[in-house]
Amino acid sequence: AYASSEILRKEPYQAAPAEIWTLGVLLSYLLTGHSPFPTEQDAVEGRLVVRERTGTGKLSRAALHLMARCLEKDPKRRADVEEVRGHRWLVGALERGARD
């Protein structure tokens, strides 16, 4: 459920991009309650499917953007940890949390 598309395609393992992929999958579960990939083939092809929870409102564009950057099919183009840490959605959430 958490294996990156390159691992599913039996390509060489690259730890950092694979872990960012896993973060994207976890974000999807936390924000929507669902996997971002209904099938293994969706994951192989990097076909992201976001199903939002009913009655909880829409996900922000920033949250969707971060999830998509973490789940980029090409590990060379996928977000790295610096991009994730500096992403506007995460920074905004941390700022809101510090005020509360």
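All residue numbers refer to positions counted from 1 along the written sequence of the respective chain. Per-residue local features are limited, in this predicted model, to residues with pLDDT of at least 70; the limit for side-chain atom pairs, both in listing and counting, is 80 or more; totals at the level of whole chains, interfaces and linings are taken over all residues. Values reported for side chains reflect all heavy atoms of the structure, with hydrogen atoms and water molecules removed beforehand.

1. Considerations on a nonpolar patch on the surface
Then, number 1: A cluster of nonpolar side chains, contributed by Y2, L26, Y29 and L30, occupies part of the molecular surface with about 390 Å² of accessible area.
Then, number 2: Going along the chain from the N terminus, every DSSP run of H or I of four or more residues is numbered as a helix, and every run of E of two or more is numbered as a strand. Looking at the element boundaries, Y29 is found in helix 2 (residues 15-32). Residues with no salt bridge and a relative accessible area higher than 30% make up the patches, which join like charges within 9 Å and nonpolar side chains (Val, Leu, Ile, Met, Phe, Trp, Tyr) within 5 Å. Accessibility throughout is a Shrake-Rupley quantity obtained with a 1.4 Å probe, and a residue counts as covered only by protein chains that appear here. The term salt bridge refers to a side-chain nitrogen of Lys or Arg lying within 4 Å of a carboxyl oxygen of Asp or Glu.

2. A closer look at the packing of aromatic side chains
To describe a pair of aromatic rings, you give the distance between the ring centres and the angle between the ring planes.
Then, number 1: Side-chain rings of Phe, Tyr and Trp, where Trp is taken by its six-membered ring, are said to pair if the distance between their centres is within 6.5 Å; with planes under 30 degrees apart they count as stacked, over 60 as edge-to-face, and otherwise as tilted. Under the defined criterion, the tally for this structure stands at 2 aromatic pairs.
Then, number 2: Summarising the aromatic geometry, the rings of Y2 and Y29 are spaced 6.0 Å apart at their centres and angled 45 degrees between planes, so their arrangement reads as tilted. Separated by 27 residues along the polypeptide, Y2 in the segment before helix 1 (5-8) and Y29 in helix 2 bring together distant segments of the chain.
Then, number 3: In this scheme, a residue with accessible area under 20% of its type's maximum is buried, one over 50% is exposed, and one in between is partly exposed, where area comes from a 1.4 Å probe on protein chains only. In this structure Y2 comes out as partly exposed when scored by relative accessible area, which is 39%.
Then, number 4: Where W21 meets F37, the ring centres are 5.1 Å apart and the plane angle is 5 degrees; that geometry is what we call stacked. With W21 in helix 2 and F37 in the loop between helix 2 and helix 3 (40-45), the pair connects residues that are 16 residues apart, well separated along the chain. Side by side, W21 and F37 carry an identical accessibility label, which is buried.

3. Observations concerning the packing of helix 2 against helix 4 (residues 61-70)
Then, number 1: The convention used is that axes are lines fitted to C-alpha atoms, helices contributing only their stretch in contact, and that angles between N-to-C directions extend from 0 to 180 degrees. Contact geometry for helix 2 and helix 4: axes closest at 7 Å, N-to-C directions at 145 degrees. Handedness of the crossing formed by helix 2 with helix 4: left-handed. Residue-level inspection shows I20, W21, L23, G24, L27, S28 and L31 of helix 2 in contact with helix 4, the latter providing A63, L66, M67 and C70.
Then, number 2: Side-chain classes are defined by residue name, with Ala, Val, Leu, Ile, Met, Phe, Trp, Tyr, Cys and Pro counting as nonpolar, Asp, Glu, Lys and Arg as charged, and the others, Gly among them, as polar. The residue makeup of the contact of helix 2 with helix 4, split by class, is 9 nonpolar, 2 polar and no charged. Helix crossings get a hand from a simple test, with the near helix turned counterclockwise from the far one by less than a right angle marking a left-handed crossing and a clockwise turn marking a right-handed one. We call two residues in contact whenever any of their non-hydrogen atoms come within 4.5 Å of each other.

4. Re the nonpolar core
Then, number 1: Definition of nonpolar core: a set of buried residues of the types Ala, Val, Leu, Ile, Met, Phe, Trp, Tyr and Cys, connected through side-chain atoms within 4.5 Å. Listed in full, the 7 residues of the largest apolar core are W21, V25, F37, A43, L59, M67 and L71.
Then, number 2: Residues within four places of A43 in sequence aside, it is in contact with S5, L8, W21 and F37.
Then, number 3: Residues I20, L27, A79 and V84 belong to the second largest nonpolar core, which totals 6 residues.

5. What about the pattern of salt bridges?
Then, number 1: The final tally for this structure, using the stated rule, is 6 salt bridges.
Then, number 2: Its salt-bridge partner being R69, residue E83 comes within 2.7 Å of it at the nearest N-O pair. With E83 in helix 5 (residues 81-86) and R69 in helix 4, the pair connects residues that are 14 residues apart, well separated along the chain.
Then, number 3: A single network of salt bridges, built from pairs that share partners, joins D42, E45 and R47.

Take it as geometry only, folks, not as evidence of what the structure does.
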